[in-house]
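# Chains, contacts and geometry: an overview
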Amino acid sequence: MKNKFVYCLKMAIGISIGTAIYQLLIHSESAFDFYRPAFVGGFSFVLLYIYYSIKSRKMVNVRITNLLNIVTAKKTASTGRANNARHL
């Protein structure tokens, strides 16, 4: 949980710095707007945190489903061998 928070925070800070650099280089004739990079960073942090929360839940569900498929495949394989041995 803490690792996901730190990762999203680092990404949001990077996006904010990129937005600030873009604003300084491209829109250099106008005054620097501090609130735009801050807003973009906060908004991107929220979106990234929601995205990684949903992604981690889906990955847990996929892992559980894969484990269940492996277990059922082993059961059917072992019963299939037993059925084949009876018919010989």
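Here, the structure is the one placed above.
Values in this document were obtained by computation on a predicted structure and should not be read as measured data.

## A look at the overall build of the chain
On a plain count of helices and strands, the chain comes out with two helices and zero strands. Counting all 88 residues of the chain, 14% fall into the buried class. Taking as baseline every contact in the chain between residues at least 6 positions apart, the subset at least 24 positions apart corresponds to 66%. As displayed, the chain has an accessible area near 7,400 Å², and 69% of this comes from carbon and sulfur atoms.

## Quick word on the side chain of T19
Looking at the secondary structure, you find T19 in helix α1 (residues 2-26). When its relative accessible area of 16% is taken as the criterion, T19 is described as buried. A distance of 2.8 Å separates the side chain of T19 from the backbone oxygen of I15, its partner in a polar contact. Each residue touching T19, except ones within four places of it in the same chain, is listed here: R36, P37 and V40.

## Notes on the side chain of S44
Residue placement: S44 occurs in helix α2 (residues 35-87). Taking relative accessible area as the criterion, S44 reaches 10% and is therefore assigned buried. In this structure S44 touches A12 and I15, once residues within four positions along its chain are discounted.

Parameters and conventions
- Residues numbered from 1 in each chain as written.
- Predicted model: local features only at pLDDT ≥ 70, side-chain atom pairs only at ≥ 80, totals over all residues.
- Heavy atoms only, no water.
- Helix = DSSP H or I, 4+ residues; strand = E, 2+ residues; numbered from the N terminus.
- Buried < 20%, exposed > 50% of the residue type's maximum accessible area, 1.4 Å probe, protein only.
- Contact = heavy atoms within 4.5 Å.
- Areas by Shrake-Rupley, 256 points an atom, 1.4 Å probe, with all protein chains shown as cover.
- Polar contact = N/O pair within 3.5 Å; in protein donor to acceptor, adjacent residues only side chain to side chain.

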